[in-house]
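# Chains, contacts and geometry: an overview
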Amino acid sequence: AAQLVSLLLAPQPGETVLDACAGLGGKTGHMAQLMKNRGRIIAVDQSAAKLTRLEKEAHRLGASIIDTRRVNINRPIDAGALPQCDRILLDAPCTGLGVLRRNPDAKWSSQKQDIARFADRQTRFLGHLAPLVKPEGVLVFAVCSMEPEENEQVIERFLKKHPNFAITGHQSIEEKCLLPFLGEDGFLRTAPHIHHMDGFFAARLHRLC
């Protein structure tokens, strides 16, 4: 399911791409492969330790286009800290309730108020990243959660404040393998009991101007 998110972003060789919550870089490396190691990927995370591990993994893979930056996107991003990008991936922190099949004990530590807290943070992250998307560029939001508060409702909140963005229609999806997971509303969803993979939600947003 996680690899479908990179395909939804569909980064192209020669583009400037931002991985806004890169973590250990699983999707970062996949994007470098999709871009044929041509262009530029800026991998951002707040954890210096994670970025160090990401750099080692990028070196192992021979992915020379990956550049790491330590940035806290929970706060407004300083002008000049990051460039405008053709595509941005926000694989946002979430409750992780979509991966309970692999991590069943997590349900004992999850509380109802966590959903609202994560949803607020996800909406805030999207708002801080929106100005970094080039006109006609793409912003993909993804979470490993199936909760509506962290899914459709986050996108609804974002679009109300950013009318210059719109959900990309099916005609813009380049990877045919994504079509079974795309709903009529344009959102990508995977479910453990249907697709035998983790529960993910993703939305591909196009900046109109």
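Structural data are supplied above this passage.
Keep in mind it's a predicted model, so treat the numbers as computed, not measured.

### Focus: the packing of helix H5 (residues 112-129) against helix H6 (residues 152-161)
For the pair H5 and H6, interaxial distance at closest approach is 10 Å and the crossing angle is 40°. Between H5 and H6, the angle falls in the class oblique. In this structure, H5 meets H6 at a crossing whose hand is right-handed. Contacts from Ala-119, Asp-120, Gln-122, Thr-123, Leu-126 and Gly-127 of H5 reach H6 at Val-154, Ile-155, Arg-157 and Phe-158. Classifying every residue of the contact of H5 with H6 by side-chain character gives five nonpolar, three polar and two charged.

### Let's talk about the state of the cysteines
All chains considered together, the criterion is met by zero disulfides. For Cys-177, which is in no disulfide, the shortest distance to another cysteine sulfur is to Cys-144 and amounts to 20 Å.

### Things to note about the packing of aromatic side chains
Taken as a whole and judged by the stated rule, the model has three aromatic pairs. Ring plane angle 65° and centroid distance 5.3 Å describe the contact between Phe-158 and Phe-165, whose orientation is recorded as edge-to-face. Judged by its relative accessible area of 1%, Phe-158 is buried. When the centroid spacing of 5.0 Å and the interplanar angle of 55° are considered together, the rings of Phe-187 and Phe-201 count as tilted. On the criterion of sequence distance, the pair formed by Phe-187 in the loop between strand S6 (165-167) and strand S7 (188-190) and Phe-201 in strand S8 (residues 200-207) is long-range, its members being 14 residues apart. For Phe-201, a relative accessible area of 1% gives the class buried.

About the criteria used
Residues numbered from 1 in each chain as written. Predicted model: local features only at pLDDT ≥ 70, side-chain atom pairs only at ≥ 80, totals over all residues. Heavy atoms only, no water. Axes fitted to C-alpha atoms, helices over the stretch in contact; angles between N-to-C directions. Helix = DSSP H or I, 4+ residues; strand = E, 2+ residues; numbered from the N terminus. Parallel < 35°, antiparallel > 145°, perpendicular 65-115°, else oblique. Left-handed = near helix turned anticlockwise from the far one by under 90°. Contact = heavy atoms within 4.5 Å. Nonpolar A, V, L, I, M, F, W, Y, C, P; charged D, E, K, R; others polar. Disulfide = S-S within 2.5 Å. Phe/Tyr/Trp six-rings, centres within 6.5 Å; stacked < 30°, edge-to-face > 60°. Buried < 20%, exposed > 50% of the residue type's maximum accessible area, 1.4 Å probe, protein only.

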